[in-house]
Structure formats: C-alpha cells, structure tokens
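# Close look at the chain arrangement
One letter stands for each residue in the lines below.
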Amino acid sequence: MSRVLLAVNAGSSTLKFRAFTPDGRQLLARGMVDRFGQTKPELQLLDGKGQTLSRHALDDGSRGSAIAAVINSLADQQLEPLAVVHRVVHGGGRFTAAMRLDADIRAQLEDYVALAPLHQPVSLSVIAAFEEYDARLPQFACFDTAFHAQQPEVATRFGIARHWHDDGVRRYGFHGLSYAAIARRLPELGLERAKVVVCHLGSGASACALDAGRSMASSMGFSAVDGLMMGSRPGYIDPEVILYWQEQAGMSVADVRRELYKNSGLLGVSGLSSDMRELLASDLPAAREAIELFCYRVAREVASLAAAMKGLDALVFTAGVGEHSPEVRGRVLQQLAWLGFEADQAANLTQARRLTTVASARAAYVLPTDEEGEMARQAAALLQ
C-alpha cells in the first residue's frame with residue numbers, strides 16, 4: 001500500500017480529489033464525486049494520466065458515505081492517505097498561510113461562514129466527515145484568501161467608516177490557490193519579475209494583478225460574488241439595487257442571496273444557461289448579449305488592474321473558460337487591442353500557449369491552473 005497526500009476540493013454539488021506522492025509533486029490518481037451530498041451520487045476515479053480506473057454509483061447520499069467511498073476506491077488501487085489537505089475559501093485576515101487543522105482552528109473557521117455562506121459550510125462539513133471517518137488522519141487547510149493577504153492596504157479598503165474595516169469588512173480576494181499555481185509557473189514564460197494580470201475564468205470568475213508574482217489587487221472583494229460577471233453571479237453591482245429589491249420587491253435576505261448567487265450572471269442575462277459552452281452554441285440574442293457582457297467586464301477589469309500596478313506586461317488566461325474557449329479569449333484580446341495586445345488568431349484557435357503575435361507590444365498566454373497541486377505542495381512543505 002502506497003501512502004499518498006490527498007487534496008480535496010469540495011463544492012456545493014461536487015467533491016474533487018487528487019492523490020499525490022507525499023512530496024506533492026507527482027499525481028497518482030484523481031477523481032470526483034458528482035452530486036456530492038445529494039441523491040444518487042456517483043464516484044469516478046482516474047489514474048494520473050486520465051485513464052478511468054472505476055466508476056460507480058453510491059448507495060448513500062450522505063457526505064460521510066462519500067468520504068468513505070473515496071478512501072475505499074483509493075484502497076482498491078493500493079493507495080492510502082497519509083494526510084488530507086482541504087481547500088477552504090475564507091481564512092479572513094487571521095489565516096494567511098496553509099496550516100494543520102485542530103479543533104481550535106476549525107472553531108475559528110466557523111467565524112467566516114457569514115463571509116462565505118455557500119462555500120465555508122461545505123468545506124467545514126467535509127473536514128468533519130474526514131475527522132469522523134479517521135480522527136488520526138492529519139488534516140491541513142489551504143485558504144483561497146491567503147494569497148492576497150500581502151496586498152497593499154489601499155487595495156483592501158472600502159470607502160466606509162474605519163470601524164467596519166477594523167471589524168473585517170474589507171476586500172479579501174479569492175481564487176488564491178489558482179493564482180498561486182499560476183505565479184509558480186510564471187518563470188517558465190520569463191515573467192517572474194513582470195506585471196501580469198491573470199484572468200481566472202470559469203463558473204466562478206475573477207482577475208488578479210500580479211507584480212513579480214505578488215498579488216497587488218483582485219476583482220473579488222469582501223465575498224466571492226464580487227467583481228467579474230460569472231456563471232450565476234452578477235459581479236459588481238450597485239448596492240442600491242439590493243435595497244431596491246428589499247424595499248420595492250419585498251425580497252428577504254434569503255431571496256436576495258439566492259438572486260445574487262443562483263439567478264444572475266450568464267444564466268440571468270441569457271435566460272438560458274450558466275454554462276458558457278451552451279451560450280456559445282446558441283443563436284438566441286440574449287445568449288449573445290450575455291457573452292458580450294462577460295467579455296466586456298473582463299476587458300474592463302484588466303485595464304483597472306493594470307492601473308493598480310501602474311503598468312502591464314502580459315495577460316494570462318486560466319480555468320475552464322479561460323483555458324478552453326478561444327472565442328472568449330479572442331473577444332477579450334480584441335477589446336484590449338488599444339493596450340498593445342495583437343492576437344494571433346491561429347494560435348488562439350489551436351490552443352497554443354502564446355496567444356499574441358511576435359510583434360505584439362504585450363503578450364497573452366494560456367496556462368492551466370492546478371489548485372489541487374498547489375494545495376499538495378503547500379501541505380507537503382508542512383509535513384516535511
């Protein structure tokens with residue numbers, strides 16, 4: 001039986017996991033529990049090269065049973081967890097680096113449920129499920145907010161009374177594990193000292209300004225609903241809209257939260273889907289409008305983040321849409337032509353790493369993100 005470092009990325013309906021060698025460098029297996037915590041969940045396990053090892057439905061829809069199924073499926077491949085590392089969305093201003101979990105830290109993480117109401121409870125429930133399965137198994141947490149912890153003070157403030165900022169009402173930034181993974185790879189492109197905007201474009205979307213690999217500003221702020229338009233989240237929205245919904249439409253706090261997290265973004269504008277692939281395949285005018293708005297907001301944010309860094313050398317696209325949608329990348333680059341981005345259409349269509357011409361004043365690239373790999377590397381450093 002080989003010992004592995006298990007990286008777990010829990011979502012509201014999926015549980016992604018990857019098994020790495022104890023040093024966090026080699027991927028041995030990966031998998032997902034679809035419909036996690038719901039009825040009729042299904043577990044799929046693949047090897048490190050993407051070949052299917054097993055796929056089967058789970059009898060029990062509980063999260064605890066899903067955790068047991070994950071560990072048993074790995075055991076069938078002679079893999080046994082040495083430790084588990086979790087992606088935790090919110091670490092607030094308190095947790096700014098990966099750390100080993102204990103009862104006290106888990107209790108403190110409960111304080112951030114109000115700041116990430118759709119993400120934090122799921123992560124904490126999965127941590128508890130692993131604890132219940134095997135209390136001796138070491139568990140670690142990596143925080144999406146941690147990568148942004150060293151941003152300049154001016155990038156973290158809202159224009160509100162100081163006591164609110166002191167109480168934690170401030171900009172945090174998210175998708176930090178994705179940005180850390182990209183920052184780690186910037187030397188491959190000769191960009192380790194450059195001013196780079198990274199666009200993490202997926203169902204959740206954000207952009208981040210990296211100066212020499214350090215986060216200087218992010219589109220996301222107090223919560224993961226802020227910034228760019230997303231699959232079902234609106235991004236930037238005038239707070240008076242929220243008050244209008246409550247005062248004029250009689251919406252409750254729960255109604256407003258549902259509208260912000262579940263009924264907006266690409267889904268809300270198109271009236272069709274939150275999936276960019278479906279919208280790109282549609283002829284509906286509303287679908288085209290949703291795509292146009294998404295790309296407009298991305299291009300606008302790139303320019304804003306360039307201002308935060310007082311310069312821009314390169315642009316990197318990552319995550320599901322950023323890595324796999326030439327049309328979205330092409331539209332964004334077209335809107336940024338005034339900044340010196342000259343797109344290479346052939347390279348973009350063929351998924352080349354570099355998306356701009358040799359003559360382009362600024363370069364644009366595609367890099368695959370690796371949140372679980374970043375988690376494994378951070379946890380391995382603590383284990384050692």
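Residues numbered from 1 in each chain as written. Predicted model: local features only at pLDDT ≥ 70, side-chain atom pairs only at ≥ 80, totals over all residues. Heavy atoms only, no water.

By the naming in an unreviewed UniProt entry, the protein chain goes by Acetate kinase and is assigned to Chromobacterium fluminis. Recorded under Pathway (unreviewed entry), the UniProt text for the protein chain is reproduced unchanged: "Metabolic intermediate biosynthesis; acetyl-CoA biosynthesis; acetyl-CoA from acetate: step 1/2." (UniProt positions renumbered as here; feature names shortened; annotations may be inferred.)

## Details of the overall build of the protein chain
Assigned secondary structure in the protein chain consists of 15 helices and 13 strands. Its C-alpha atoms give the protein chain a radius of gyration of 21 Å, near enough to 21 Å, the size a compact globule of 384 residues would have. Its C-alpha atoms give the protein chain principal-axis dimensions of roughly 55 × 55 × 45 Å. Across the 384 residues in the protein chain, those meeting the buried criterion constitute 51%. A separation of at least 24 residues holds for 61% of the contacts in the protein chain among residues at least 6 apart in sequence. With 39 positive and 43 negative side-chain charges, the protein chain shows a separation of 4 Å between the mean positions of the two kinds. (Helix = DSSP H or I, 4+ residues; strand = E, 2+ residues; numbered from the N terminus. Rg over C-alpha atoms; globule rule 2.2 N^0.38 Å. Buried < 20%, exposed > 50% of the residue type's maximum accessible area, 1.4 Å probe, protein only. Contact = heavy atoms within 4.5 Å. Lys, Arg positive; Asp, Glu negative; His and termini not counted. Charge placed at Lys NZ, Arg CZ, Asp CG, Glu CD.)

## Examining the packing of aromatic side chains
Pairs of aromatic rings are described using the distance from one ring centre to the other and the angle between the two planes. Following the criterion strictly, the structure yields two aromatic pairs and no others. Considering the side-chain rings of Phe95 and Phe143, the 5.5 Å spacing of their centres and the 20° angle between planes classify their relative orientation as stacked. Note that Phe95 is positioned in the loop between β6 (79-88) and β7 (99-100) and Phe143 in strand β8 (residues 139-143), a separation of 48 residues in sequence. With relative accessibility at 4%, the residue Phe95 sits in the buried group. Taking relative accessible area as the criterion, Phe143 reaches 2% and is therefore assigned buried. (Phe/Tyr/Trp six-rings, centres within 6.5 Å; stacked < 30°, edge-to-face > 60°.)

## Quick look at the sheet that holds strand β13 (residues 363-366)
Taken together, five strands build an open sheet; the order of strands is β11-β10-β9-β12-β13 and the sheet is mixed. With one partner strand each, in any of the chains shown, β11 (214-218) and β13 form the two edges of the open sheet. Across the sheet, the axes of successive neighbouring strands diverge by a mean angle of 25°, strand direction being ignored. Where helix α11 (residues 285-309) meets the sheet, its contacts fall on β9 (195-201), β10 (205-211), β11 and β12 (314-318), and the angle it forms with β9 comes to roughly 150°. (Pairing = 2+ DSSP bridges. Axes fitted to C-alpha atoms, helices over the stretch in contact; angles between N-to-C directions.)

## Thoughts on the packing of helix α1 (residues 63-75) against helix α3 (residues 120-133)
Here α1 crosses α3 at 60°, and the two axes come no closer than 9 Å. Relative to α3, the element α1 lies oblique. Note on packing geometry: the crossing formed by α1 with α3 is right-handed. Of the residues in α3, those touching α1 at Arg63, Gly64, Ile67, Ala68, Ile71 and Asn72 are Val122, Ser125, Val126, Ala129, Phe130 and Tyr133. Broken down by class, the residue content of the contact of α1 with α3 amounts to eight nonpolar, three polar and one charged. (Parallel < 35°, antiparallel > 145°, perpendicular 65-115°, else oblique. Left-handed = near helix turned anticlockwise from the far one by under 90°. Nonpolar A, V, L, I, M, F, W, Y, C, P; charged D, E, K, R; others polar.)

## A few points about the pairing of β10
Successive side chains on a regular strand alternate, one facing one side of the sheet and the next facing the other. With respect to burial, β10 is a largely interior element, six of its seven residues being buried. Of the pairings in the sheet, the one linking β9 to β10 comprises seven bridges and is antiparallel in character. Within β10, the residue paired with Val196 across the bridge is Leu210. Between β9 and β10, which follow one another and run antiparallel, lie three residues. Looking at chain direction, β10 and β11 are connected through four bridges and run antiparallel.

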